[in-house]
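Read off the chains here:
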Amino acid sequence: MKTTIKKWGINGEGIAYIKGKPVFIDGAIPGELVEFSVAEEKEKYEIGKLENVIQPSNLRHSRPCQVQECQGCSLMHVNYKGQCKMKEAILKQTLAKYAGYTKKIAPIIKNERVLGYRNSCKLPVKMVDQVIRIGMYQNRSNQFVPLPRCIVHQKNLEIVRQEIESLMNQFHLKEYDSKTKTGIRTLVLKEFEEKVQVIFVTGDMDLEESFIQEVSQLKPVGSIWQSIKTDSSIDIFGKTMRHLAKDKDMKIHLHQYTLNLLPRSFYQLNTRQAVVLYDYVQSLVRPCRFIVEAYSGIGAMSLMVSSKAKRVLGIEVIEDAVINANQNARNNHLEHVSFVCDDAANAFLKIRDKVECLIVDPPRSGLDSSMRQAILKKKPSQLIYISCNPSTLAKNLKELKQVYHIVSVQPFDMFSQTQHVETVCLLEKKK
Ligand code: SAH
């Protein structure tokens, strides 16, 4: 069947309409005339498979990466100008649809490095034809595909990943077996300042001394951990974390500040662009007495805005991240900055003092209902919402608009080649 693609879908696909019914076609770009076949037919929509591009868009270019099976980068076939257009369009559509916001959205702040920017990965490990492979699960499925290389990963991360794959085979390591509860489940890698932290998520087993020795001899490797996980919870790590070799923490320098990062702590995936984002947030904050940052991770943003207030309190639910964050405040001599380990809404409601500025940076699911209620109850005069998911941002804004008006919306490209868009939204309490 032939059709013209009408608009972008939130996952980077092109959307066409056949007799009013939307068809989602991966790899197609708005404006293109394409040929497709129907892969899945549902009541309200269809999934199309792109067969041929008859009239290509001028936003199409030849893919810089030939690995397609991993499905990790939905916009690899779109040039960078097109990727930015897609992200701006999605944000605009979503804010209009769910939040009724049709005013200005600032042009997206571009990523300086559109390849080789990603500082971490969490990848499943499986046996394929008797060979151990590090790979990915395809979207919305449990189909494992080995990853021969990834050009979005930072350089050392990718070198270490490939070296570890070959060492795992040399040492005859096996994939995780849920019966014996042994074997390798996941490989987690993080690269900061050219050093790589390696975390083997395994069953209940010891890793051979000589294997660890070999891994620690890989030049960029700066820290090695093992996490024992025998349950099937969604948490990537198990309860037991063993430090095996080299440093415990990773170090990140952010302007004049030094930050420590333990394996369980979260940090932004694009190190360079994170600084651009933090600087921007810092520029929005009005000098005041008391700033609260909810979902604070290792406290990077709190440190960055610390000169704007007499007191800064961060709230974060992961204990190791809070340990890092408090250490980070102390090591950088910021006595007025501290962090508590708690659920965001819970801790925020307990605060007695007047909070003038609240910064929130929640996970993709957005603010949960108790946090939304807490904000509407306490009404800090300035609210800065950092979001990695336009849909939940827009739905949350709809509710927050009872008390706030939207002052500015600034998208950032943190994850080039993918459909993801990060947004910083500044809200002010209505008079
Ligand atoms: N602002 C930080 C981290 C943002 S990621 C940075 O820039 O690095 C979101 C963080 O929210 C994660 O660290 C996650 O552990 C934390 N989190 C998730 N749910 C939470 C909750 N209910 N309460 C507090 N923190 C939560």
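Caption draft 1: The arrangement of the overall build of the protein chain in detail. From N to C terminus, the protein chain includes 9 helices and 22 strands. For the protein chain, the proportion of contacts with a sequence separation of at least 24, taken over those separated by at least 6, is 62%.

Caption draft 2: Expanded view of the pairing of strand β19 (residues 357-360). Alternating positions in β19 separate into two faces, Cys-357 and Ile-359 on one and Leu-358 and Val-360 on the other, with burial throughout. One ladder, built from 4 bridges, connects strand β16 (residues 288-294) with β19; its direction is parallel. By the bridge assignment, Glu-293 is partnered in β19 with Ile-359. With 4 bridges joining them, β19 and strand β20 (residues 382-387) adopt parallel strand pairing. Note on β20: the bridge partner recorded for Val-360 is Tyr-385.

Caption draft 3: Examining the packing of helix α2 (residues 155-170) against helix α3 (residues 209-217) more closely. Two elements in contact, α2 and α3, have axes separated by 11 Å at closest approach and are oriented at 160°. By the criterion of interaxial angle, the relationship of α2 to α3 is roughly antiparallel. Judged by the twist between their axes, the crossing of α2 over α3 is right-handed. Between α2 and α3, the residues in contact are Ile-164, Leu-167 and Met-168 and Phe-211, Glu-214 and Val-215, respectively.

Caption draft 4: The sheet that holds strand β2 (residues 7-8), seen in detail. One open sheet accounts for 6 strands, arranged β1-β5-β6-β4-β3-β2; its pairing is mixed. The open sheet has two edge strands with one neighbour each: β1 (2-4) and β2. The sheet contact formed by strand β3 (residues 14-18) and strand β4 (residues 21-25) spans 5 bridges and is antiparallel. Following the sheet pairing, Ile-18 is matched in β4 by Lys-21.

Caption draft 5: Looking closely at the side chain of Asn-328. Among the secondary structure elements, Asn-328 is positioned in helix α6 (residues 319-331). In this structure, Asn-328 is in contact with Thr-258, Leu-259, Asn-260, Ile-298 and Leu-303, ignoring residues within four places of it in sequence.

Caption draft 6: Geometry of the environment of Lys-174. The residue Lys-174 is located in the loop between α2 and β10 (184-192) in this model. A C-alpha to C-alpha distance of 39 Å links Lys-174 and Gln-83, two positions 91 residues apart in sequence.

Caption draft 7: Structural context of the side chain of Glu-165. Mapped onto the secondary structure, Glu-165 falls in helix α2. In this structure Glu-165 comes out as buried when scored by relative accessible area, which is 15%.

Caption draft 8: The arrangement of the state of the cysteines in detail. Counted according to the given criterion, the structure contains 0 disulfides. Here Cys-84 is not disulfide-linked; the sulfur of Cys-73 is the nearest cysteine sulfur, at 15 Å. Residue classification places Cys-84 among the buried residues on the basis of a relative accessible area of 5%.

Caption draft 9: Geometry of the domain arrangement of the protein chain. Domain assignment breaks the protein chain into domain 1 (2-60), domain 2 (95-112 + 267-429) and domain 3 (120-249). Relative to domain 3, the C-alpha centre of domain 1 lies at a distance of 37 Å.

What counts and what doesn't
- Residues numbered from 1 in each chain as written.
- Predicted model: local features only at pLDDT ≥ 70, side-chain atom pairs only at ≥ 80, totals over all residues.
- Heavy atoms only, no water.
- Helix = DSSP H or I, 4+ residues; strand = E, 2+ residues; numbered from the N terminus.
- Contact = heavy atoms within 4.5 Å.
- Buried < 20%, exposed > 50% of the residue type's maximum accessible area, 1.4 Å probe, protein only.
- Pairing = 2+ DSSP bridges.
- Axes fitted to C-alpha atoms, helices over the stretch in contact; angles between N-to-C directions.
- Parallel < 35°, antiparallel > 145°, perpendicular 65-115°, else oblique.
- Left-handed = near helix turned anticlockwise from the far one by under 90°.
- Disulfide = S-S within 2.5 Å.
- Domains from an automatic or database assignment.

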